[in-house]
Amino acid sequence: MQQGERFTMLDPPSLPTRPTSPDRLKLCGIGLGVGLALGLIVVIGFEFMDDRMHSEKEIKALLPVAIISEIPEIATPSDERTRKRRMAFGWAMAALVFVTILAGSAFTYLLG
């Protein structure tokens, strides 16, 4: 009985032009916002936990007596080289992270 039945497709299905989920641009934006918020929270936390004094005003507020003198920081050439090396390393790591994020975003955008 089923041999004589014939089905014809009246309206063929159409494929979507772009995926409905996940919205990668929205996810990247949310990730960026959450990352910046967490970074800000960490920086503020470290700043509150830092108990060092950085200025003469902070010392005057802490001590009831007058300040007679200050001890200047003595930086040796090796200290300066170390400081410059750490600064360069920090900027290089920031650039590497930034380029990795951009490359990953471009890769997923182009393949998606």
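Treat the numbers as computed from the prediction; the structure is a model and nothing was measured.

Q: Break down the environment of Pro72 for me, citing the residues and quoting the values.
A: Note on placement: Pro72 falls in the loop between helix 2 (56-62) and helix 3 (77-111). Of the residues examined, Pro72 reaches a relative accessible area of 60% and is grouped as exposed. Through-space distance from the C-alpha of Pro72 to that of Pro16 is 69 Å; in sequence the pair is 56 residues apart.

Q: Account for the pattern of salt bridges, naming residues and giving values.
A: Under the definition given, this model contains 3 salt bridges. Arg83 is paired through a salt bridge with Glu80; the nearest N and O atoms lie 3.2 Å apart. Highlighted residues: Arg83 and Glu80, both in helix 3, separated by 3 residues, approximately one helical turn. When its relative accessible area of 44% is taken as the criterion, Arg83 is described as partly exposed.

Basis of the calculations
Here the residue numbers are simple positions, counted from 1 along each chain's written sequence. Per-residue local features of the predicted model are confined to residues with pLDDT of at least 70, and side-chain atom pairs are confined, for both listing and counting, to 80 or more; whole-chain, interface and lining totals are unaffected and use all residues. Heavy atoms throughout the structure, all of them, feed into the side-chain values; hydrogens and water do not. Helix and strand assignments follow DSSP, with helices taken as H or I runs no shorter than four residues and strands as E runs no shorter than two, numbered in order from the N terminus. Each residue is assigned to one of three classes by its accessible area relative to the maximum for its type, calculated with a 1.4 Å probe on protein chains only: buried under 20%, partly exposed between the two thresholds, exposed over 50%. The salt bridge criterion pairs a side-chain nitrogen of Lys or Arg with a carboxyl oxygen of Asp or Glu, the two atoms within 4 Å.

Read these as geometric descriptors, not functional statements.
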